[in-house]
Structures are given as structure tokens and as C-alpha cells.
Amino acid sequence: MARLWGGIDARLDRIAIGISGLCLVHCVTTTILLTVISSAGGLLNPAIHEVGLTLAIGFGAFALVKGVMSHGYMAPAVVGAFGLGIMAGALSLPHGDFEIFWTLVGVSLVALGHDLNRRATY
């Protein structure tokens, strides 16, 4: 049974890392589009960012807490939670370079937390 949960934990962490990567691609793409074009249309819709943050919190809470329960190390969950907090804070900033910078920092920390979680599981 522990082997089954270990596989599920690793899969959830990989999915969460993939979502973090998609967020990075979204941020960079939006920045490029805003530089080339004056408006990126639907990419600036606040609902996209709110839904993305909700998904990140959901995957993060489930995968990171499950990891702590499996291996007992708090560091991955703390790093991931800190990244989620930075992402949430960045969501409150006006669109621009400052918001993009802090979002990228938060997403990178969330991905690092999931990677640490995945490594601690094995």
C-alpha cells in the first residue's frame, strides 16, 4: 500500500511541477505579447490568474501535505507554501514587471517545493 501511495505522491508532484511550468510559460508569453502588441486580450483576464492560483493551492496543499505525511520532512511543504504565498501576494499587484517578477519567484519556489517533496519520497 505504501508503494501505491508513493507512486501517487510522485505523480501529483510531477503534475504540480508541470502546472508551475505552464504558469512560467504564461507569464513569459504575456510579457512578450505585451511588448510586441499593446494588449494581450484574454491573457490579462483576472479570472485566469485566480483560477490558476486556486489550482496551485489545491495541488500544493494535497501533494505537499501528503508528502509530509509520507516522509515526515516539513521543508518541502514550507518552501512550497512560501511560494504559494508569494504568488497570492503577486496577484494583488497591478500588472507589470513587478507583478511578473514576484509571480515567477513564487512559481519557482512552488516547483522547488514539489521537487524536494518528490526527492524526499524516494
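The rules we used
Residues numbered from 1 in each chain as written. Predicted model: local features only at pLDDT ≥ 70, side-chain atom pairs only at ≥ 80, totals over all residues. Heavy atoms only, no water. Helix = DSSP H or I, 4+ residues; strand = E, 2+ residues; numbered from the N terminus. Buried < 20%, exposed > 50% of the residue type's maximum accessible area, 1.4 Å probe, protein only. Contact = heavy atoms within 4.5 Å. Areas by Shrake-Rupley, 256 points an atom, 1.4 Å probe, with all protein chains shown as cover. Core = buried A, V, L, I, M, F, W, Y, C linked by side-chain atoms within 4.5 Å. Salt bridge = Lys/Arg side-chain N within 4 Å of Asp/Glu carboxyl O. pLDDT = per-residue confidence, 0-100. Phe/Tyr/Trp six-rings, centres within 6.5 Å; stacked < 30°, edge-to-face > 60°.

Draft legend 1. Representation of the overall build of the protein. Counting its secondary structure elements, the protein contains four helices and zero strands. In the protein, which comprises 122 residues, the share counted as buried stands at 33%. Restricting the contact set of the protein to residue pairs at least 6 apart, pairs at least 24 apart contribute 70%. Entry remark: accessible area of the protein is about 7,000 Å², with carbon and sulfur atoms responsible for 74%.

Draft legend 2. Fine view of the nonpolar core. One finds Leu-53, Ala-56, Leu-84, Met-87, Val-107 and Val-110 forming the largest nonpolar core, which totals six residues. Taken together, the elements giving at least two residues each to this core come down to helix H2 (46–71), helix H3 (75–91) and helix H4 (97–121).

Draft legend 3. Region of the structure containing the pattern of salt bridges. Applying the stated criterion across every chain, the model contains one salt bridge. With a closest N to O distance of 2.8 Å, Asp-115 and Arg-119 form a salt bridge. Of this pair, Asp-115 and Arg-119 both sit in helix H4, four residues apart, which is roughly one turn of the helix. Among the residues examined, Asp-115 registers a relative accessible area of 17% and is labelled buried.

Draft legend 4. Region of interest: the confidence of the model for the protein. With 76% of its residues at a pLDDT of at least 70, the protein reaches an overall mean of 77. Per-element confidence in the protein ranges from a low mean pLDDT of 69 for helix H1 (residues 2–36) to a high of 90 for H3.

Draft legend 5. Geometry of the packing of aromatic side chains. Taken as a whole and assessed by the stated rule, the structure comprises two aromatic pairs. Where Phe-98 meets Trp-102, the ring centres are 6.3 Å apart and the plane angle is 80°; that geometry is what we call edge-to-face. Residue Phe-98 and its partner Trp-102 are located together in helix H4, separated by four residues, close to a single helical turn. Judged by its relative accessible area of 55%, Phe-98 falls in the exposed class. When the ring of Phe-101 is compared with that of Trp-102, the centres are 5.0 Å apart and the planes differ by 75°; the resulting orientation is edge-to-face.

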